[in-house]
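Coordinates in review
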Amino acid sequence: MYKCAIFDLDGVLTETSEQHYEAWKVLADELGIDFDRDYNEHLKGVSRMESLELILKNGNKTDAFSEEEKIELATRKNDLYKELIAGFTPDNLFEGVRELFDILKSRDIKIALASASRNAPSLIKNMGIADDFDVVVDPTSVEKGKPDPAIFLQGAKILGIDPKDCIGFEDAYAGVTAIKSAGMYAVGIGSKEILPHADIVYPHIKDVEIKKILD
Ligand code: B16
Ligand code: MG
């Protein structure tokens, strides 16, 4: 009997990867580093500072900046990103999320958020779903990001629920790895080719057959 559903945000409940891409692109152009949508795929589910490191590595500029300068670069990217998501409303919530949450609530299943994004609290508020979560895990409270299971385990721990009684929802390869390492049931959102290690994969959150999974 599952007691808890733990969700990733970007790519599962809404789509912010284009806004992340546009903000990083401005920075990469300024730094003279090649950056395209294909490379942006590597950054899904990856924290802000780790994303910056990957972009700098891709441009052979790993050692070109001090730690302070890197923080300044990441802050500038985030300021741009925040401008781009400022207009998010409930319309940005993926189709099917409301219905899925309602089914989970009707079965007394707790709902948690395990997003790597520090902007997650304001995003869920603007999309009108902040009150649906029993817990929103603070990504800065865990030492390691996905694929480490820490963020998912932290959600289960705060709720006092055994990880094996939790279902995790993820669109990123590293995210599904984190869910499986946490000992949870992994629902992949996307394609089986990209998420072969998920227990089950649906193309989109609206396709999830939650009653089938629960029963
Ligand atoms: P922030 P998720 C992740 O969200 C994004 O997929 C990733 O591209 C981003 O770098 C990361 O959040 C950190 O975001 O800069 O807002 O803290 O997929 O874990 O919900
Ligand atoms: Mg994601």
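The preceding data block contains the structure.
This text gives an overview of the structure that appears in the document.

Scoring rules and cut-offs
Along each chain, residue indices are assigned from 1 in the same order as the chain's sequence is written. The lettering of chains begins at A and the numbering of ligands begins at 1, in the order of writing. Note on the predicted model: pLDDT of at least 70 is required for a residue's local features to be given, and 80 or more for side-chain atom pairs to be given and counted; whole-chain, interface and lining totals, by contrast, use all residues. Derived side-chain values reflect all non-hydrogen atoms in the structure, with water molecules and hydrogen atoms excluded from consideration. For the exposure calls, accessible area comes from a 1.4 Å probe over protein chains only, and a residue counts as buried if that area is under 20% of its type's maximum, exposed if over 50%, partly exposed in between. Helix numbering and strand numbering both begin at the N terminus, where a helix is a DSSP run of H or I of at least 4 residues and a strand a DSSP run of E of at least 2. Arc, as used here, means the arc of the directions from the helix axis to the C-beta atoms. In what follows, a contact means two residues having at least one pair of non-hydrogen atoms within 4.5 Å. Each salt bridge in this description consists of a side-chain nitrogen of Lys or Arg and a carboxyl oxygen of Asp or Glu lying within 4 Å of one another.

Here the focus is helix α5 (residues 97-106). Listed as buried for α5 are V97, L100, F101 and L104. Taken end-on, α5 shows its buried residues confined to a sector of 95 degrees, consistent with a single buried face. Within two residues after α5, D108 carries a phi angle of roughly 60 degrees, on the positive side.

Let us look at the environment of K105. Tracing the backbone shows K105 in helix α5. Of the residues examined, K105 reaches a relative accessible area of 34% and is grouped as partly exposed. Each C-alpha atom of the pair K105 and T75 lies 37 Å from the other, and the pair is 30 residues apart in sequence. Those residues within four positions of K105 in sequence are excluded, and the remaining contacts are R98, I111, D131 and D132.

With that settled, consider the pattern of salt bridges. This model, assessed by the stated rule, comprises 18 salt bridges. Across the salt bridge formed by K3 and D165, the nearest N and O atoms sit 3.6 Å from each other. In this pair, K3 is assigned in the segment before β1 (4-7) and D165 in the loop between α7 (150-159) and β4 (166-170), connecting sequence segments 162 residues apart. With a relative accessible area of 43%, K3 lands in the partly exposed category. Between K70 and E53 there is a salt bridge, with its nearest N and O atoms 3.1 Å apart. On the criterion of sequence distance, the pair formed by K70 in helix α4 (residues 67-85) and E53 in helix α3 (residues 48-58) is long-range, its members being 17 residues apart. What makes E53 partly exposed here is its relative accessible area of 27%. It is possible to trace a salt-bridge network through shared partners that takes in K3, D162, K164 and D165.

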